[in-house]
Amino acid sequence: MIALSEIDTFIVDVPTIRPHVLAMATMRSQSIVIVRIRDEDGVEGIGEGTTIGGLSYCEESPETIKVAIDAYIAPLLRHCDLGRVADTMRRIGQNVAGCHIAKCAVETALLDMMGKRLGVPVSELIGGGRVRDRFPVAWTLASGDTGRDIEEAERVMGERRHNIFKLKIGKRAVRDDVAHVAAIRRAVGDRGSVRVDVNQHWDEAQADLGMKLLEDAGCDLVEQPVAKGNVAAMARLSAKHVIPIMADEALHGPADAFTIAAAGAARVFAVKIAQSGGIMPAYHLSAIADAAGVGLYGGTMLEAGVGTAATAHLCASMPSLAWGTELFGPLLLTEEILAEPLRYADFQMEVPTGPGLGIALDEDKINFHRRDRVTPRLHVVAEGA
Ligand code: MUC
Ligand code: MG
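Presented here is an overview of the structure given in this document.

Conventions used here
- Residues numbered from 1 in each chain as written.
- Chains lettered and ligands numbered in written order.
- Predicted model: local features only at pLDDT ≥ 70, side-chain atom pairs only at ≥ 80, totals over all residues.
- Heavy atoms only, no water.
- Buried < 20%, exposed > 50% of the residue type's maximum accessible area, 1.4 Å probe, protein only.
- Helix = DSSP H or I, 4+ residues; strand = E, 2+ residues; numbered from the N terminus.
- Arc of directions from axis to C-beta.
- Contact = heavy atoms within 4.5 Å.
- Donors = N, O, S within 2.8 Å, 3.2 Å for Na, K, Ca; no water.
- 1 Å grid on protein atoms, 1.4 Å probe; cavity = no way out; pocket = protein on both sides within 12 Å on 5 of 7 lines; lining within 4 Å.
- Points joined across faces, edges and corners; volume = space filled by probe spheres on them.
- Nonpolar A, V, L, I, M, F, W, Y, C, P; charged D, E, K, R; others polar.
- Near = heavy atom within 4 Å.
- Polar contact = N/O pair within 3.5 Å; in protein donor to acceptor, adjacent residues only side chain to side chain.
- Areas by Shrake-Rupley, 256 points an atom, 1.4 Å probe, with all protein chains shown as cover.
- Sits in = over half its atoms within 2 Å of the grid points.
- Domains from an automatic or database assignment.
- Axes fitted to C-alpha atoms, helices over the stretch in contact; angles between N-to-C directions.
- Parallel < 35°, antiparallel > 145°, perpendicular 65-115°, else oblique.
- Left-handed = near helix turned anticlockwise from the far one by under 90°.

1. Description of helix 2 (residues 85–95)
- Buried residues of helix 2: V85, T88, M89 and I92, and no others. Projection of helix 2 onto a plane perpendicular to its axis shows the buried side chains occupying an angular sector of 95 degrees, all on one side. For helix 2, exposure combined with an orientation more than 90 degrees from the buried face picks out A86 and Q94.
- Those residues of helix 2 that are buried lie in contact with helix 1 (62–77) and helix 3 (100–118).

Structure follows, in structure tokens:
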């Protein structure tokens, strides 16, 4: 029995390098929930639970993630054997409904501890071990301005960092959005892949028109065009159009994966550990996709280094990864919260190789950006000053 010694949960607010314009929110900063769990032997695990745009993306916010862990999950951990991660998560699941992002943060920390205790990377604890050490990483163009997006695409292609681009659309009229995508597609040419994410903002008729026009414009993939619950519309659109639909918000773990795959509602799944409720449920989701012939993609909730490393370990062990990943979260932030940044080179991200997640926090940065920090941030000038 390995007993809990300490658990600390806190929110870290970090500005983004530019406004990130999504259909449901414009992000100017990211709020990252970090959980640190220490066992009786002094082994420490770190997890991250992060969502997008407060409460605008899903039912959990940074604040509710912290409350769920502090008030409901931490007391349960006091009675669990932390050396048995699956059993601990099963017990949490019996007592806490939903709260997938909070559960993901805790499971990540427990797997980090287990990997450190065994001296192996987390990827070796998933599905028999890793099958790849690096993978492609998409970049999201979402400045809100076509010209600026093209400049950004040129810059990151020049740096050999990204050649897969995800464009955030759904805010404007369908034809205006498609004109924006077509301009970027023309600028990128055959140097890369251009995909879109509608974040559920179309109805079926808009999606029908949008998918036809996007196909003509040379777009490769349409992510979550309609409401997450409208599986029937996703199935009709998938049957009608050549361009594949990728499910994102519709996927909250293996049960949704089964329903969507069985309905033929998506030909690609964005696998997110946060939405799935952890690395292990996300792995099970990916196995269902693989069995159903659905393509796999490593998705992000725009996590910072901890959550991104956790997803990287999953992606290293997933059965296939035909559509690559979008694990660029840390690159969207002005501050790196890891002591050593994750490595991006040659259009790929490298999976850390050290025990556990293979990462460490930059304690100074964390202390500085913690929301509950007591000392005032002297360098922050009040708006209008
Ligand atoms: C989403 O819906 O996929 C992922 C990349 C990005 O820019 O936003 C997220 C959320
Ligand atoms: Mg998405």
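2. Things to note about the coordination of the magnesium ion (ligand 2)
- Coordination of the magnesium ion (ligand 2) by the protein involves D197 (OD), E223 (OE) and D248 (OD), with metal-donor separations of 2.0 to 2.2 Å.
- Binding-site remark: the magnesium ion (ligand 2) is held by donors from one chain whose sequence spacing is D-x25-E-x24-D. Taken together, the residues span a long stretch of sequence, with D197 in strand 7 (residues 193–197) and E223 in strand 8 (residues 222–223) at a distance of 26 residues.
- Residue E223 is classed as buried on the basis of its relative accessible area of 1%.

3. Considering the layout of surface pockets
- The space that makes up the largest pocket amounts to roughly 250 Å³.
- Lining the largest pocket are 15 residues, and of these R343, V351, P352, T353 and G358 lie nearest its centre.
- The residue makeup of the lining of the largest pocket, split by class, is six nonpolar, three polar and six charged.

4. Description of the site of ligand 1
- Taken together, 16 residues are adjacent to ligand 1, and H20, Y57, T140, K166 and N199 come closest.
- One of the side-chain N or O atoms of Y57 is found 2.6 Å from an oxygen atom in ligand 1.
- Contacts to ligand 1 include E223, whose side-chain N or O atom sits 3.1 Å from an oxygen atom.
- Contact with the protein chains covers 100% of the free accessible surface of ligand 1, which is 280 Å².
- One can see that ligand 1 is located within the largest cavity.
- Considering only residue class, the shell around ligand 1 consists of five nonpolar, four polar and seven charged.
- Looking at which domains feed residues into the shell around ligand 1, each of domain 1 (4–119 + 361–369) and domain 2 (125–350) supplies at least three.

5. Quick notes on empty space enclosed by the protein
- Taken as a whole and assessed by the stated rule, the structure comprises two cavities of 30 Å³ or more.
- In this structure, the largest cavity is lined by 14 residues; those nearest its centre are K166, K168, T300, L302 and E326.
- Across the lining of the largest cavity, the residue classes break down as five nonpolar, three polar and six charged.
- In this model, the second largest cavity occupies a volume close to 40 Å³.
- Along its surface, the second largest cavity is lined by Y57, C58, E59, K228, E249, H252 and Q275.

6. Examining the packing of helix 6 (residues 204–217) against helix 7 (residues 231–240)
- Contact geometry of helix 6 with helix 7 gives a least axis separation of 11 Å together with a crossing angle of 25 degrees. By the angle class used here, helix 6 and helix 7 are roughly parallel. The two elements helix 6 and helix 7 cross, and the hand of that crossing is right-handed. The residues of helix 7 that touch helix 6, namely those facing E204, A207, D208 and M211, are A233, R236, L237 and K240.

All we've got here are geometric facts, nothing functional implied.
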